[in-house]
Each structure stands twice: as structure tokens, then as C-alpha cells.
Amino acid sequence: MDVLRKISKGFEKFLSWMDGIASISIALIMVLITADVLSRLLLNKPFVGTAEIVSSMIIIVCFLEIPYVSLRKGHVRTTVLYDRVGRKGKNIIDIVACLLGIVAYGLIIKASFPGFLNAIDINEAEIAGFFRITTVPGRFAIIFGSVLMILEFLNQIIQYSYDLVTGKTSEGKGGTK
């Protein structure tokens, strides 16, 4: 379990870097929108391509952020059934949820990959006036973030299975969660 724990900690650190990149991107989006609004109000000249840049960056932010939120158990969930079962029942529900998540993100990858390859082939871009914004980074972020989600789900399945079998959390502590 020590090797798996080290891999899990390394993956957690990587996801935290992705979270940092997403956070910096959000700050850049805020600065860009503020500058665009001020330019529009004070000079009557909005920046060209702001909407296109922001829409591309939001996709990147979302898909870099989603795995970190999952790592931190920050996704919204309904607990009507979950709260009524014991620790083993919770582990089983969590494993099933992770398996469903793997299927969902696998389908996202399957649906997104051809569009990503096509965007590379034709150098796809959004055009705002004379400004050209490539769609390739956003399309890549969807696939990359989905792969990270699948890896996080696999990591969680290992942790929940370990807890289910041994009665201890993967950190080595016994008892309930």
C-alpha cells in the first residue's frame, strides 16, 4: 500500500498544480474582463476578441479544476441514501459512483477526440475581427481533464476498496469516515 500511497500523493500534488494554473487563469480572466469593460466605458473601444478568449479559457479552467474538486470531495452530492448506510455501504456507493464517472468521462473523451484531431488538422480558430483564437487548447483541456478525472476515479476506487476490505482508510487509520 506504501507504493500506492506515494503515487496517490504525487497525483494529488499534480492536481494541486492544475488547480493553481486554473486559479491563475481565473485571475487573468477577471483582469481581461475588467480592462475590457473599462476600455468600453471610458474610451468607447472594447478589446477585440475578449469574449472568444474568455470562452476558451473557461473551458480550460473547468477541466483543469474538476479533478481537484473531486480529490477534495467537493462535488455536490445527494445523501438521502448515503447517510442511511454504514461505512461498507458508503464505500460500495462511492465505488459505483466512481465507475459511473469513469464511463461518463470515457464517453466525453470518445466524443471529443475526433474534434480535437480535426481542430489540429484544419488549424481551427474562432475569429473576432482580425483576431484569431485557436480552439486547440480548449479541446485538449477537455480530453486532458477527462483523463485526469478517470485517474482520480481509479485512485478513489483503490482507496474505497482498501477501506472496504480492511476496515481502515487508505491512510492507515481505522474507524468510520
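Presented here is a report on the structure given in the accompanying data block. (Residues numbered from 1 in each chain as written. Predicted model: local features only at pLDDT ≥ 70, side-chain atom pairs only at ≥ 80, totals over all residues. Heavy atoms only, no water.)

Points about the packing of aromatic side chains
Okay, so step 1: Here the structure, examined in full by the defined rule, presents 5 aromatic pairs.
Okay, so step 2: Centroid distance Phe14 to Phe144: 6.3 Å. Interplanar angle 85°. Geometry classified as edge-to-face. Separated by 130 residues along the polypeptide, Phe14 in helix 1 (residues 2-43) and Phe144 in helix 4 (residues 136-166) bring together distant segments of the chain.
Okay, so step 3: With a relative accessible area of 33%, Phe14 lands in the partly exposed category.
Okay, so step 4: The partly exposed category is assigned to Phe144, whose relative accessible area is 24%.
Okay, so step 5: A ring pair is formed by Phe140 and Phe144, whose centres lie 5.5 Å apart and whose planes are at 15°; its orientation type is stacked. Here Phe144 and Phe140 lie together in helix 4, a separation of 4 residues that amounts to about one turn.
Okay, so step 6: Feature note: the residues Phe14, Phe113, Phe116, Phe140 and Phe144 constitute an aromatic cluster, connected by ring pairs.
Okay, so step 7: The side chain of Arg77 reaches across the aromatic face of Tyr82, ending 4.4 Å from its centre. (Phe/Tyr/Trp six-rings, centres within 6.5 Å; stacked < 30°, edge-to-face > 60°. Helix = DSSP H or I, 4+ residues; strand = E, 2+ residues; numbered from the N terminus. Buried < 20%, exposed > 50% of the residue type's maximum accessible area, 1.4 Å probe, protein only. Lys NZ or Arg CZ within 6 Å of the ring centre and 35° of its normal.)

Some remarks on a nonpolar patch on the surface
Okay, so step 1: Residues Ile33, Val37, Leu38, Leu41, Leu42 and Leu43 make up a contiguous nonpolar surface patch of about 620 Å² in total accessible area.
Okay, so step 2: Tracing the sequence through the fold places Leu43 in helix 1. (Patch = residues over 30% accessible without salt bridge, like charges linked within 9 Å, V, L, I, M, F, W, Y side chains within 5 Å. Areas by Shrake-Rupley, 256 points an atom, 1.4 Å probe, with all protein chains shown as cover. Salt bridge = Lys/Arg side-chain N within 4 Å of Asp/Glu carboxyl O.)

Quick look at unusual backbone geometry
Okay, so step 1: A positive phi angle, close to 60°, is found at Asn44, a residue other than glycine.
Okay, so step 2: Here Asn44 shows up in the loop between helix 1 and helix 2 (50-71).
Okay, so step 3: Look at Lys73: it is not a glycine, yet its phi comes out positive at around 55°.
Okay, so step 4: Note that Lys73 resides in the loop between helix 2 and helix 3 (87-122).
Okay, so step 5: In this structure Lys73 comes out as partly exposed when scored by relative accessible area, which is 46%.

Things to note about the packing of helix 1 against helix 4
Okay, so step 1: Contact geometry for helix 1 and helix 4: axes closest at 11 Å, N-to-C directions at 145°. Judged by the sense of rotation from one axis to the other, the crossing of helix 1 with helix 4 is left-handed. Packed against helix 1, whose contacting residues are Leu4, Ser8, Phe11, Phe14, Leu15 and Met18, the element helix 4 presents Phe144, Leu148, Leu151, Glu152, Asn155, Ile158 and Gln159 at the interface. (Axes fitted to C-alpha atoms, helices over the stretch in contact; angles between N-to-C directions. Left-handed = near helix turned anticlockwise from the far one by under 90°. Contact = heavy atoms within 4.5 Å.)

Here's the deal with the pattern of salt bridges
Okay, so step 1: For the structure shown, the criterion picks out 7 salt bridges.
Okay, so step 2: Two residues, Arg87 and Asp163, come together in a salt bridge whose shortest N-O distance is 3.3 Å. Highlighted residues: Arg87 in helix 3 and Asp163 in helix 4, separated in sequence by 76 residues.
Okay, so step 3: When its relative accessible area of 1% is taken as the criterion, Asp163 is described as buried.
Okay, so step 4: Among the ionic contacts, a cluster of salt bridges with common partners joins Lys9, Glu12 and Arg72.

Side note on the nonpolar core
Okay, so step 1: In this structure, Cys98, Ile102, Tyr105, Ile150 and Phe153 are the most contacted members of the largest nonpolar core, which totals 14 residues.
Okay, so step 2: Only helix 3 and helix 4 provide two or more residues apiece to this core.
Okay, so step 3: Ranked by residue count, the leading element in this core is helix 4, at 7 residues.
Okay, so step 4: Here Ile102 is in contact with Ile150, Phe153, Leu154 and Ile157, once residues within four sequence places are set aside.
Okay, so step 5: Membership of the second largest hydrophobic core comes to 12 residues, among which are Leu15, Ile29, Leu64 and Leu71. (Core = buried A, V, L, I, M, F, W, Y, C linked by side-chain atoms within 4.5 Å.)

These results come straight from atomic positions and should not be treated as a statement about function.
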